[in-house]
Amino acid sequence: MPATDRPVWDAQLRPHLTPYFAYTAAALIVLAHIGFGLVLKIGTTGVIFRTSDQVAIGLLGVVLGGLVLLLSRPRLRVGEAGLSVRNLVGDKLVPWSDVVDVSFPRGARWARIDLPADEYIPIMAIQAIDKDRAVAAMDTVRSLMADYRSEPTPPPPSA
């Protein structure tokens, strides 16, 4: 897609607290696995551990830490083209013609895009744990949705 054909985004929203939790958890997982791998050969347990076992435990920690880091990826972009949602993996552009509403149901962890036929797409970028930031994000999305979904007013008839 040429640079001139790229959609312009009026707002980009991301979760606030969840990435901090994800970074911390990923670091702890990696450090714990590497630490356990380092002390694996200390003492005798009746099982023979090799250096390859130590490396494998450390690499397993790196893989698990990487998977936890997927929680830091969610993003919602709002623009003329519609709503672009990226949750853990993948990016989906929902055109305005397919959007019925953007809601945050009571008791839900994150917002969602309501689609026709009672379907929906979760928006992990707007999370309940962010409290006031989530309210501000929903206000932004609803304001932009009203702008893009409003019908243009016809010019007044000339007299």
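Here the structure is shown first, and the text comes after it.
In this text the structure is predicted, and so the values were computed from the model without any measurement.

A few words on the side chain of Asp114. Examined against the element boundaries, Asp114 turns out to sit in strand S6 (residues 110-115). Look at Asp114 and you get buried, because its relative accessible area is 14%. Among the polar contacts made by the side chain of Asp114, one reaches the side chain of Arg112 at a distance of 3.0 Å. Other than its neighbours up to four places away in sequence, Asp114 contacts Asp98, Val99, Val100, Asp101, Ser103, Glu119 and Tyr120.

Consecutive residues of a regular strand have side chains that alternate between opposite faces of the sheet. Strand direction decides the pairing type here: strand S3 (residues 82-86) and strand S4 (residues 91-94), joined by 4 bridges, are antiparallel. Bridge pairing links Leu83 to Val94 in S4. Where S3 folds back on S4, the antiparallel hairpin that results is connected by 4 residues, among which Gly90 adopts a positive phi of roughly 80°.

One broad trend across soluble globular proteins is that nonpolar side chains are buried collectively. Counting residues in hydrophobic clusters, the biggest one holds 23 residues, and the most contacted among them are Leu76, Leu83, Ile113 and Ile126. For this core, the leading source of residues is helix H3 (residues 132-149), giving 6 residues. When near neighbours in sequence (up to four residues on either side) are disregarded, Leu83 contacts Leu76, Arg77, Val78, Lys92, Leu93, Val94, Trp96, Val99, Val102, Ile113 and Val141.

The pairing of strands in a sheet comes from backbone hydrogen bonds and takes either a parallel or an antiparallel form. Spatial strand order, S1-S2-S3-S4: 4 strands in an open sheet with antiparallel pairing. With partners counted over all chains shown, the strands left at the sheet margins are strand S1 (9-13) and S4, one partner each. Here the average twist between neighbouring strands, direction ignored, is 15°. On top of the sheet, H3 reaches S1, strand S2 (75-79) and S3; it is set at about 155° to S1, its chief contact.

In a regular helix each residue adds 1.5 Å, so 21 residues correspond to 30 Å; helix H1 (residues 18-38) covers 30 Å between its end C-alpha atoms and thus fits that length. The inward-facing, buried residues of H1 abut helix H2 (51-69) and strand S7 (119-127).

Basis of the calculations
- Residues numbered from 1 in each chain as written.
- Predicted model: local features only at pLDDT ≥ 70, side-chain atom pairs only at ≥ 80, totals over all residues.
- Heavy atoms only, no water.
- Helix = DSSP H or I, 4+ residues; strand = E, 2+ residues; numbered from the N terminus.
- Buried < 20%, exposed > 50% of the residue type's maximum accessible area, 1.4 Å probe, protein only.
- Polar contact = N/O pair within 3.5 Å; in protein donor to acceptor, adjacent residues only side chain to side chain.
- Contact = heavy atoms within 4.5 Å.
- Pairing = 2+ DSSP bridges.
- Core = buried A, V, L, I, M, F, W, Y, C linked by side-chain atoms within 4.5 Å.
- Axes fitted to C-alpha atoms, helices over the stretch in contact; angles between N-to-C directions.
- Expected span 1.5 Å × (residues − 1).

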